[in-house]
Amino acid sequence: MGDYYQMWKELGMDLERHDEFLAPVPGLYEDLFINQKNRPRAMEYFDFVVSEIHGLRVEELVNEKKNGNLVVSSFCVFVPEELIIAAGGSSIGLCAGAQFPIPAAEKVLPRDLCPLVKASVGFKLEKICPYFEVSDFVVGETTCDGKKKAWELLNEYIPTYVMELPQQKTKASQKLWEAEIKRFKEYIENKSGRTIDSENLAAAIELINKKRSVLQRLYNTRKVDPAPISGKDVLLITQLAFFDKPERFIEKVTTLCEELEQRVKEGKGVVSKGTPRIMITGTPMPLPHWKIHHLIETSGGIVVCEESCTGTRYFEQQVPEEGRNLDEQLASLAQRAMGINCACFTPNNERIDDVLRLAKEYQVDGVIYYNLQFCQTYNMEYRKISKALKAEGIPVIQIESDYSDSDTGQLKTRIQAFLEML
Ligand code: BJ8
């Protein structure tokens, strides 16, 4: 990585803690990613992005700000990044997938809280995330209780705008979300001093739809046996989709897809045909939470699909592009959200349909239902989803974990036993 100390200092970061945080990353990355066999050549770009994770992209964002453009961060796929882009801004999905900042967060938050929420707050308290520091403001949402209350605390450290997400998928809920989208549009216009019109919004919708399409194309290559790419590499790419410049990301993932499609034609895989194919369903796995994929793929399985927000829930729903006037476009943005089957909704039976459909599409042999500790909504949906999977004869186990390594041995034993049974 280049020398970014001056930039980090100007952003107000805690340089000592930041050094401690980043120190193990290169070694860990080498072990987990670079050492994998048969990696596609086009992964080089994503390796480069990780090597520059707190450098080059942050520098780009600093320059964007110098040019008067907004940088806005969020934590949930419901937040409509299109509006930020339409106003000439950059949208960043903050990661919150590391154990490092959690002890600091536990000084101000209860310990028995989802690690994702704790890490979100912890990164800000520790001043070790340059994306946080470069952001003009953060966007929260009323999805789960932990997040909802964390925004009040976060707002003491950085302006935190909260969108009220409805908890049902009725017509009235969609109207509420549409009103929230309009309110958010006005907020961005206010902050940026730019007008969001049907033209710049259409361009932003088209761009982000392209990003989602290219992710779908990438996932499509995993539907065949043998899979041409590891689950770990795809998870990494999906995580980076929230950070990278959309145009560049689309181009690089397209190049990777071409290579993978060629592999598929030749019947080449990263593992041999017949390797147990696993789908993970559940809570998101934000950067750098690679633990579960790594355990599966070093125990003789291959992850071929993630039904999560660092997976299909991020890209399967496109924003309809037919709407030409601003009101129609805003309604289309709202419509997309109603198709994202997050466990924060009640009822949420569409998620059962998604899981069953994806299990078939990706020819999975078994499903690992993953939920982050203390995430009640996903934990409670296990009952319905596992029942539906078992009725279809698809084996499933539930794994609850956090970002620490304390349960790695025990998880490995369970995952190995599950894979042997398939
Ligand atoms: S759309 S999954 S990104 S809310 S923070 S709910 S793990 S207790 S992240 Fe999510 Fe949006 Fe839904 Fe997706 Fe549970 Fe933790 Fe809450 Fe979480």
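Check the entry above for the structure.
A brief structural summary. (Residues numbered from 1 in each chain as written. Predicted model: local features only at pLDDT ≥ 70, side-chain atom pairs only at ≥ 80, totals over all residues. Heavy atoms only, no water.)

Over its 12 residues, helix H8 (residues 115–126) extends 15 Å from the first C-alpha to the last, a length consistent with the 16 Å expected when each residue adds 1.5 Å. Burial analysis of H8 places 11 of its 12 residues in the buried class, which makes it a mostly covered element. Within the span of H8, buried status applies to Pro115, Leu116, Val117, Lys118, Ala119, Ser120, Val121, Gly122, Phe123, Lys124 and Glu126. Buried residues belonging to H8 abut helix H2 (15–22), helix H7 (102–105), helix H9 (130–134), helix H10 (145–154) and strand E7 (366–372). Taken from the residues just after H8, Lys127 is the one with a positive phi, measuring 55°. (Helix = DSSP H or I, 4+ residues; strand = E, 2+ residues; numbered from the N terminus. Expected span 1.5 Å × (residues − 1). Buried < 20%, exposed > 50% of the residue type's maximum accessible area, 1.4 Å probe, protein only. Contact = heavy atoms within 4.5 Å.)

Around the ligand, the surrounding shell holds 18 residues, and the nearest of these are Cys114, Cys144, Cys309, Cys342 and Cys375. Partitioned by chemical class, the residues of the shell around the ligand number 14 nonpolar, two polar and two charged. (Near = heavy atom within 4 Å. Nonpolar A, V, L, I, M, F, W, Y, C, P; charged D, E, K, R; others polar.)

With that settled, the discussion passes to helix H13 (residues 231–240). Within H13, 10 of the 10 residues are buried, which leaves the element mostly enclosed by the surrounding structure. Listed as buried for H13 are Gly231, Lys232, Asp233, Val234, Leu235, Leu236, Ile237, Thr238, Gln239 and Leu240. Looking at the buried residues of H13, the elements they touch are helix H3 (25–34), helix H4 (43–51), helix H12 (198–220), helix H14 (246–266), helix H15 (291–297) and strand E6 (302–307).

This part covers the sheet that holds E6. The strands making up a sheet associate through backbone hydrogen bonding, with each pair oriented either parallel or antiparallel. Sheet architecture is open: four strands sit in the order E6-E5-E7-E8, paired in parallel fashion. At either margin of the open sheet sits one strand with a lone partner, and together these are E6 and strand E8 (396–401). Averaged over all neighbouring strand pairs, the angle between strand axes comes to 25°, with direction disregarded. In terms of strand pairing, E7 meets E8 through six bridges, oriented parallel. Note on E8: the bridge partner recorded for Tyr369 is Gln398. (Pairing = 2+ DSSP bridges. Axes fitted to C-alpha atoms, helices over the stretch in contact; angles between N-to-C directions.)

All right, on to the packing of aromatic side chains then. In total, this model carries 21 aromatic pairs according to the counting rule given. An angle of 65° between the planes, with centres 4.7 Å apart, marks the rings of Tyr219 and Phe315 as edge-to-face. One end of the pair, Tyr219, is in helix H12; the other, Phe315, is in helix H16 (residues 312–315), and 96 residues separate them in sequence. The class of Tyr219 is buried, set by a relative accessible area of 0%. According to the relative accessible area criterion, Phe315 is buried, its value standing at 2%. When the ring of Phe242 is compared with that of Tyr314, the centres are 4.5 Å apart and the planes differ by 45°; the resulting orientation is tilted. Note that Phe242 is positioned in the loop between H13 and H14 and Tyr314 in helix H16, a separation of 72 residues in sequence. As far as the burial class goes, Phe242 and Tyr314 line up, both buried. Aromatic ring contacts, followed pair by pair, group Phe137, Tyr161, Phe184 and Tyr187 into a single cluster. Stacked on the ring of Tyr219, the Lys or Arg Arg222 has its end atom at 4.7 Å from the ring centre. (Phe/Tyr/Trp six-rings, centres within 6.5 Å; stacked < 30°, edge-to-face > 60°. Lys NZ or Arg CZ within 6 Å of the ring centre and 35° of its normal.)

This part takes up the pattern of salt bridges. In the structure shown here, the tally under the stated rule is 35 salt bridges. Among the ionic pairs, Lys268 bridges to Glu266, the shortest N-O distance being 3.2 Å. Residue class for Lys268 comes out partly exposed when judged on its relative accessible area of 47%. Linked through salt bridges whose partners overlap, the residues forming this network are Lys223, Glu316, Asp354, Arg357 and Glu361. (Salt bridge = Lys/Arg side-chain N within 4 Å of Asp/Glu carboxyl O.)

Attention now moves to the packing of H8 against H10. In helix packing, the relevant descriptors are the interaxial angle and the interaxial distance, both defined with respect to the helix axes. Remark: H8 packs on H10, axes separated minimally by 10 Å, with the N-to-C direction vectors making an angle of 10°. By the angle between their directions, the pair H8 and H10 is classed as roughly parallel. Contact residues: H8 offers Leu116, Val117, Val121 and Lys124, while H10 offers Gly146, Lys147, Ala150, Leu153 and Leu154. Classifying every residue of the contact of H8 with H10 gives six nonpolar, one polar and two charged. (Parallel < 35°, antiparallel > 145°, perpendicular 65-115°, else oblique.)

Among the nonpolar cores identified, the biggest contains 149 residues, and Phe46, Phe78, Phe184, Leu236 and Ile237 are the most heavily contacted of them. The element that contributes the greatest number of residues to this core is H12, accounting for nine residues. (Core = buried A, V, L, I, M, F, W, Y, C linked by side-chain atoms within 4.5 Å.)

This paragraph deals with the environment of Leu11. As for its placement among the helices and strands, Leu11 is situated in the loop between helix H1 (5–10) and H2. Along the sequence, Leu11 and Lys127 sit 116 residues apart, while their C-alpha atoms lie 9.3 Å from each other. Sequence-distant contacts of Leu11, defined by excluding residues within four places in its chain, comprise Val58, Val62, Pro130, Glu133 and Val134.

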